[in-house]
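Per-entry structural report
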Amino acid sequence: MFLKFPDVIRKIQSSKLETLNPCFALFRYCHFETKVGFDSLNPTPVLAQKTAQNNVAVFWDLDNKPPKTFAPYEAAFKLKLAASSFGVVRYMVAYANSHAFSYVPQVVREQRREKKLLNQLENRGVIKPAEPYFCRVCGRRFCTNDKLVNHFKQIHEREHKKRLNQIDSARGKKRVNLVAKYSMKMEKYKNAAKDILTPKVGYGLADELKRAGFWVNTVSNKPQAADVALRDHMVDVMDKRRAECLVLVSDDSDFVDVLNEAKLRCVKTVVVGDINDGALKRVADAAFCWREILMGKAKKEAVSVVGKWKDRDVLKRLEWTYNPDAEKQYDLNSESDDQSENEFIDGIIDGGDAGSIQKEDIGAWWDLDSDSDVSTSQLSE
């Protein structure tokens, strides 16, 4: 009966609050949720945290593996896309000597020879182009390609050189203002010159790789100079822990030691080359050929490769390894604990408790005390 009074009092108080403040009744039946990332009752964030991705470094040995059968920019761009499947691409480096940049592949030579023959036929009037040639800088049109090239060299190339000289001669704030003023024009000129003018040295390999985001470094013409510089750069990246995955574009077996060192440091390695059963591909964690890079097959397979790497890392964490030093130390600690426990028990038995045990253990255990013995013991006390 008396247990029902607290419930009645609570109902009366709540009805009074609802009459005094009608918003209180609305608050009881409404649930307001904050748009903050953390809830007051649940400290976990509403937005799921992004999984940490590995940092990827791409190293290209141009002396051993230059892009011969395909355009340099396309090859570099496809390589970057494939490497981005393994993580965030932080570094893209290419090493070569001066001979690699002056070399012209056979495919490019044939294209230049055909273009030269076509220009000769157009100048003689044998062939007429379907559409006039268009200057991408000023917008003028020409009936032959040679006239377009002459126009580009006489006008736009001279203007570009004047801009560069002005920027080189200026200093401080004036130089900054000139760069900002001519940046759009210079970029427009570079894009047009790439298709109109023929490079004086090589076929524009360095410029195309730089346009794709690579840092191109030219080393001396000594033998193995590019390999030594590339190897030192890879070791430096591993020493400073700047990347968790290394992508090497080469078929040179001299990099086997570097890949083994990366494995010892738990750094993933990916090799891109054309030799199917090369020494590098046998050591690396994953391997692809240039055809798979250009077709996009490597980018699709990289997803499964990364999944296998994660599963392997989980198994390594769960794997038990025998450590003799740790086991020996554990045995010594257990022996010392047992010895101290035995000493503690012996001390208890040899101490004051032993005297009480001896006093109580006067007679045999089956002899029961009679009433007269109990009374006499009480009187003596």
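Attention in this report is confined to the structure presented alongside it. (Residues numbered from 1 in each chain as written. Predicted model: local features only at pLDDT ≥ 70, side-chain atom pairs only at ≥ 80, totals over all residues. Heavy atoms only, no water.)

**Things to note about the nonpolar core**
Spelled out, the test is: Here, nonpolar core means buried Ala, Val, Leu, Ile, Met, Phe, Trp, Tyr and Cys residues that are tied together by side-chain atoms lying within 4.5 Å of each other. Partly exposed residues are those whose accessible area sits between 20% and 50% of the maximum for their type, while under 20% is buried and over 50% is exposed, using a 1.4 Å probe and protein chains only. In this description, contact between two residues means that some pair of their heavy atoms is separated by no more than 4.5 Å.
Counting 38 residues, the largest nonpolar core has Trp60, Leu79, Phe86, Leu209, Phe214 and Trp290 as its most contacted members. Residue contacts for Phe214: discarding those within four places in its chain leaves Val58, Trp60, Ala76, Leu79, Met92, Val93, Ala94 and Leu209. Ala243, Leu248, Val283 and Ala284 belong to the second largest nonpolar core, which has 24 residues in total.

**Quick look at empty space enclosed by the protein**
Convention followed: The pocket and cavity definitions rest on a 1 Å grid over protein atoms only: a 1.4 Å probe that fits but cannot leave marks a cavity, an open set with protein on both sides within 12 Å along at least five of seven lines marks a pocket, and residues lining either have an atom within 4 Å of a point. Grid points are joined across faces, edges and corners, and a volume is the space filled by probe spheres set on the points. To qualify as a helix, a DSSP run of H or I must reach at least 4 residues; to qualify as a strand, a run of E must reach at least 2; elements of each kind are numbered from the N terminus. Only Asp, Glu, Lys and Arg are considered charged in this grouping, and only Ala, Val, Leu, Ile, Met, Phe, Trp, Tyr, Cys and Pro are considered nonpolar; every other residue, Gly among them, is considered polar.
Counted according to the given criterion, the structure contains one cavity of 30 Å³ or more. Quantified by volume, the largest cavity comes out at close to 50 Å³. Every residue lining the largest cavity is listed: Leu79, Ala82, Ala83, Phe86, Val247, Val270, Val272, Phe288, Ile293 and Ala298. Listing elements by their share of the lining of the largest cavity, those giving two or more residues are α3 (72-84) and β7 (268-272). For the lining of the largest cavity, the element with the highest residue contribution is α3, accounting for three residues. Taken together, the residues of the lining of the largest cavity break down into 10 nonpolar, no polar and no charged.

**Looking at unusual backbone geometry**
Here the phi dihedral of Arg241 falls at roughly 55°; this positive angle occurs in a residue that is not glycine. Mapped onto the elements, Arg241 comes out in the loop between α9 (225-239) and β6 (245-249). Its relative accessible area of 74% is what places Arg241 among the exposed residues. One non-glycine residue with positive phi stands out, namely Cys266, at about 60°. Looking at the secondary structure, you find Cys266 in the loop between α10 (256-264) and β7. Residue classification places Cys266 among the exposed residues on the basis of a relative accessible area of 64%.

**Quick notes on the pattern of salt bridges**
Note the following rule: For salt bridges, the criterion is a side-chain nitrogen of Lys or Arg within 4 Å of an Asp or Glu carboxyl oxygen.
Counted according to the given criterion, the structure contains nine salt bridges. Salt-bridge contacts for Lys240 lead to Asp236; the nearest nitrogen and oxygen are separated by 3.7 Å. Two residues, Arg265 and Glu261, come together in a salt bridge whose shortest N-O distance is 2.9 Å. Linked by salt bridges that have partners in common, Lys65, Asp251 and Asp274 make up one network.

**A few points about the pairing of β7**
Going by this rule: A right-handed crossover is one whose linking path, passing over the helix from the first strand to the second, runs clockwise when the strands point away from the viewer. One requirement defines pairing of two strands: DSSP has to find at least two bridges between them.
Counting buried positions over the five residues of β7 gives five, a clear majority of the element. On β7, burial covers both faces: Lys268, Val270 and Val272 on one face and Thr269 and Val271 on the other are all buried. Read as a crossover between parallel neighbours, the route from β6 over α10 to β7 is right-handed. Note: β7 against strand β8 (residues 286-288), three bridges, orientation parallel.

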